[in-house]
Amino acid sequence: MKCMLSTQILGLEEDINRLNIIHVAGTKGKGSTCIFCEAILRECGFRTGVFTSPHLIDVRERFRIDGMDISEDKFLQYFWDCWNQLEENTTEKLSMPPLFLFLTILAFKIFISEQVDAAIIEVGLGGKEDSTNVIKKPTVCGITSLGMDHTEILGDTLGQIASHKAGIFKPKVPAFTVPQPPEAMGVIFERAKEFMVPLEVTEPLDCKQIKGLKLGLSGDHQFYNAALAVSLCRCWLQKTGNWEKKYQDQFQDSNLPDEFMRGLSTAHFSGRAQIVYASTSNSHCSEIVSKNCGELIFYLDGAHSPESMEACAKWFSNAVEIPLKSSFEVQKADGSSENGHILHKGNTLGQFEKSFKRILLFNCLDVRNPHILLPRLVNTCASSGVHFSRALFVPNMSKYSKVVSGASAISSDLHGIDLSWQFNLQRIWEKITHGKEITVPIEKDFKIDSKEILPPPEFLNDNAPSGGHSHNGFASSAVIPSLPLAIKWLQDCVKEHPSTRLQVLVTGSLHLVGDVLKLLKR
């Protein structure tokens, strides 16, 4: 209701109805599906606008025009235009909208003003009560994979969650979804029948259908998101009268136009199955895995639900095996690329494998359940033969401290911070990896001014006593009170010990992933 009043104040209501909108809800993969849709339609020659959330580094990431974040000048222009109009019309009964609602209204303002051909809108939370559901006449709707997330708001059963997600359905507007658990699928079909919605279930793309093409977004789960995007874009083209103009129905369901193929292969979404090579003073080495050159690779994925954590684990397990078998391209912290991971002559595959240490860098919000997330991660990786040497638990930088220079030691912001959640995560980790509880309340012994604020040099050694008392009580994990300190410590380890090769999985929170990207790219 409040979103509708705000759009009326801004005079956007009729213009929103004229936008050719793809509206996407779901638990996992809705952002990736939106990005696939954007890439496909751009390759088809259309001007696109995409609204996703959350942002990782800059709020402008939420508003993409033609595949690029909106420029700062345009963002400020549209921001203040919306803000001033809404502020002028506030009353006792109608206050300024909260953040996400305001950003949703701003997205519509931007896409209308920029005259996009296709507006691709990701639902923020749920669907039925989400502020994006001010959309009354979408061109097509999509629902990605559903799972147990935001249960405190959406309900504690898949059926209740599915009811919220299917709340974006509009009378007789076509919709697509991916295979869902029976409980969820039943509700989705029931809601579709209620609104006379033509509903189709898309099966994941297979290698034959895309001729062995590598998707721009990594992970097996992306084949579901890509298939959903293909169906949404095909329907969008048909409903807007562009399919027959471009293809004259020459493509059957088993074949994809070249534009679709290019879009699927070029899609890019930061913080989702992203690999970043972190530069060190040794990164000029011609063979970055030779004996004389350290290596630090970050694998970033903002998984924060049980299902997405499992998908993240499968992706990471596959990704860390790639450099052991062949050369592949990794993204450097400055955004450029470098081909690396070439076996040094004389090294056997077995020696090469042993030289890598897998480190988990983790945090999650306290509304998540780490008793489910961490075991799902560990067990899924272990089933592929991938094991973590150590784990680091840190607070998100954006909450506890500012970005500081690499030369800075310990920020004064560290004093007085509450690390009880991170120590709780560490206890759960130790229970998983060692099968026993930590009985000593180790956080009481942790002092910011202590020399043990960072793990000691031997922390990464294979001969460190597993489960024995070392840093923070156990050798296999550590709590570090600052993310900048944790990143700098990892970089220093590689810099000071050239034979050290670290593969660091950063997961549990998109906010954590965004903070790591800030530090690596600043």
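Sequence order sets the numbering: in each chain, residues are counted from 1 along the sequence as written. The predicted origin of the model limits local features to residues at a pLDDT of at least 70 and limits the giving and counting of side-chain atom pairs to 80 or more, whereas totals for whole chains, interfaces and linings rest on all residues. The basis for the side-chain values is all heavy atoms of the structure; hydrogens and waters are excluded.

- Under an unreviewed UniProt entry, the name given to the chain is Folylpolyglutamate synthase, and the source organism is Vigna radiata var. radiata.
- UniProt positions are given in the numbering used here, feature names are shortened, and annotations may be inferred rather than shown by experiment. Listed under Function (unreviewed entry) in UniProt, the entry text for the chain is "Catalyzes conversion of folates to polyglutamate derivatives allowing concentration of folate compounds in the cell and the intracellular retention of these cofactors, which are important substrates for most of the folate-dependent enzymes that are involved in one-carbon transfer reactions involved in purine, pyrimidine and amino acid synthesis."
- Regarding the chain, the relevant UniProt record gives this comment under Catalytic activity (unreviewed entry): "(6S)-5,6,7,8-tetrahydrofolyl-(gamma-L-Glu)(n) + L-glutamate + ATP = (6S)-5,6,7,8-tetrahydrofolyl-(gamma-L-Glu)(n+1) + ADP + phosphate + H(+)".

1. What to know about the overall build of the chain
Next, step 1: To qualify as a helix, a DSSP run of H or I must reach at least 4 residues; to qualify as a strand, a run of E must reach at least 2; elements of each kind are numbered from the N terminus. Assigned secondary structure in the chain consists of 18 helices and 16 strands.
Next, step 2: Relative accessibility decides the category of a residue: with a 1.4 Å probe and only protein chains considered, values under 20% of the type maximum give buried, values over 50% give exposed, and everything between is partly exposed. Sorting the 522 residues of the chain into buried and exposed places 56% on the buried side.
Next, step 3: Contacts are assigned to residue pairs that have any heavy atoms within 4.5 Å of one another. Sequence separation of 24 or more characterises 75% of the internal contacts of the chain that already satisfy a separation of 6 or more.
Next, step 4: Summed over its atoms, the accessible surface of the chain is roughly 22,600 Å², and 49% of this surface lies on carbon and sulfur atoms. For every accessible area listed, the method is Shrake-Rupley and the probe measures 1.4 Å; residues are considered covered only by the protein chains on display.

2. Comments concerning the environment of Phe79
Next, step 1: Note on placement: Phe79 falls in helix H4 (residues 72-88).
Next, step 2: A C-alpha to C-alpha distance of 8.9 Å links Phe79 and Ile110, two positions 31 residues apart in sequence.
Next, step 3: With near-sequence residues (within four places) excluded, Phe79 lies in contact with Phe102 and Leu106.

3. A short note on the pairing of strand E5 (residues 118-122)
Next, step 1: With five of five residues buried, E5 lies mostly within the body of the structure.
Next, step 2: Along E5, one buried face is formed by Ala118, Ile120 and Glu122 and the opposite face, lined by Ala119 and Ile121, is buried too.
Next, step 3: Strands qualify as paired when DSSP identifies two bridges or more between them. Pairing between strand E1 (residues 21-25) and E5: four bridges, direction parallel. Residue Ile22 lies in a different strand from E5, and its bridge partner there is Ile120.

4. Considerations on the nonpolar core
Next, step 1: We call a set of buried Ala, Val, Leu, Ile, Met, Phe, Trp, Tyr and Cys residues a nonpolar core when their side-chain atoms join them within 4.5 Å. By size, the foremost hydrophobic cluster in this structure holds 40 residues, and its most contacted members are Ile22, Leu237, Phe260 and Leu264.
Next, step 2: Those elements that place two or more of their residues in this core are E1, helix H3 (30-43), E5, helix H9 (222-239), helix H10 (243-247) and helix H11 (258-266).
Next, step 3: Among the elements that make up this core, the one with the highest residue count is H9 (11 residues).
Next, step 4: Among all residues touching Leu237, those that are not within four sequence positions of it are Leu41, Cys44, Phe46, Asn242, Trp243, Tyr247 and Phe260.

5. Points about the UniProt feature "binding site: Mg(2+)" (unreviewed entry) in the chain
Next, step 1: Following the UniProt record, one finds the feature "binding site: Mg(2+)" (unreviewed entry) at Ser53, Glu122 and His150.
Next, step 2: Ser53 gets classed as buried once you look at its relative accessible area, which sits at 13%.
Next, step 3: When sequence neighbours within four positions are dropped, the list of residues in contact with Ser53 reads Arg62, Phe100, Glu122, Gly124 and Arg272.
Next, step 4: Tracing the backbone through its elements, the reader meets His150 in the loop between strand E6 (140-143) and helix H6 (151-154).
Next, step 5: With a relative accessible area of 25%, His150 lands in the partly exposed category.
Next, step 6: Ignoring any residue separated from it by four or fewer positions in sequence, one finds His150 in contact with Leu125, Gly155 and Arg368.

6. Some remarks on the pattern of salt bridges
Note on pairing: side chains with opposite charge can pair once their charged atoms come close.
Next, step 1: One speaks of a salt bridge when a side-chain nitrogen belonging to Lys or Arg is within 4 Å of a carboxyl oxygen belonging to Asp or Glu. For the structure shown, the criterion picks out 14 salt bridges.
Next, step 2: Asp81 is the salt-bridge partner of Lys109, the closest N and O atoms lying 3.2 Å from each other. Placement of the pair is Lys109 in helix H5 (residues 99-113) and Asp81 in helix H4, with a sequence separation of 28 residues.
Next, step 3: Residue Lys109 is classed as buried on the basis of its relative accessible area, which comes to 16%.
Next, step 4: Among the residues examined, Asp81 registers a relative accessible area of 30% and is labelled partly exposed.
Next, step 5: Where Glu310 meets Lys314, a salt bridge forms, and the shortest distance between an N and an O atom there is 3.5 Å. You can see Glu310 and its partner Lys314 sitting in helix H12 (residues 306-325), four residues apart, about one turn around the helix.

7. Some points on the pairing of E1
Next, step 1: Burial of E1 is extensive: five of the five residues sit out of reach of the surface.
Next, step 2: By the alternation rule, side chains of E1 split into Ile21, His23 and Ala25 and Ile22 and Val24, which are all buried.

8. Concerning the sheet that holds E1
Within a sheet, adjacent strands bond to each other through the backbone by hydrogen bonds, running parallel or antiparallel.
Next, step 1: The strand order E4-E3-E2-E5-E1-E6-E7-E8 describes an open sheet built from eight strands, whose pairing is mixed. Two strands close off the open sheet at either side, each with one partner strand: strand E4 (68-69) and strand E8 (199-201).
Next, step 2: In this structure, E1 lies alongside E6, joined through four bridges in parallel fashion. The partner of Val24 across the bridge, within E6, is Gly142.
Next, step 3: Running at roughly 170 degrees to E5, H3 makes contact with E1, strand E2 (48-51), strand E3 (63-65) and E5 of the sheet. Helix axes are fitted only over the stretch in contact, all axes being lines through C-alpha atoms; the angle between N-to-C directions runs from 0 to 180 degrees.

9. Re unusual backbone geometry
Next, step 1: Across the junction of Ser53 and Pro54, the peptide omega takes the value -5 degrees, indicating a cis bond.
Next, step 2: Mapping Pro54 onto the fold places it in the loop between E2 and E3.
Next, step 3: Of note, the phi angle at Lys211 is positive, near 55 degrees, even though the residue is not glycine.
Next, step 4: Note that Lys211 resides in the loop between E8 and H9.

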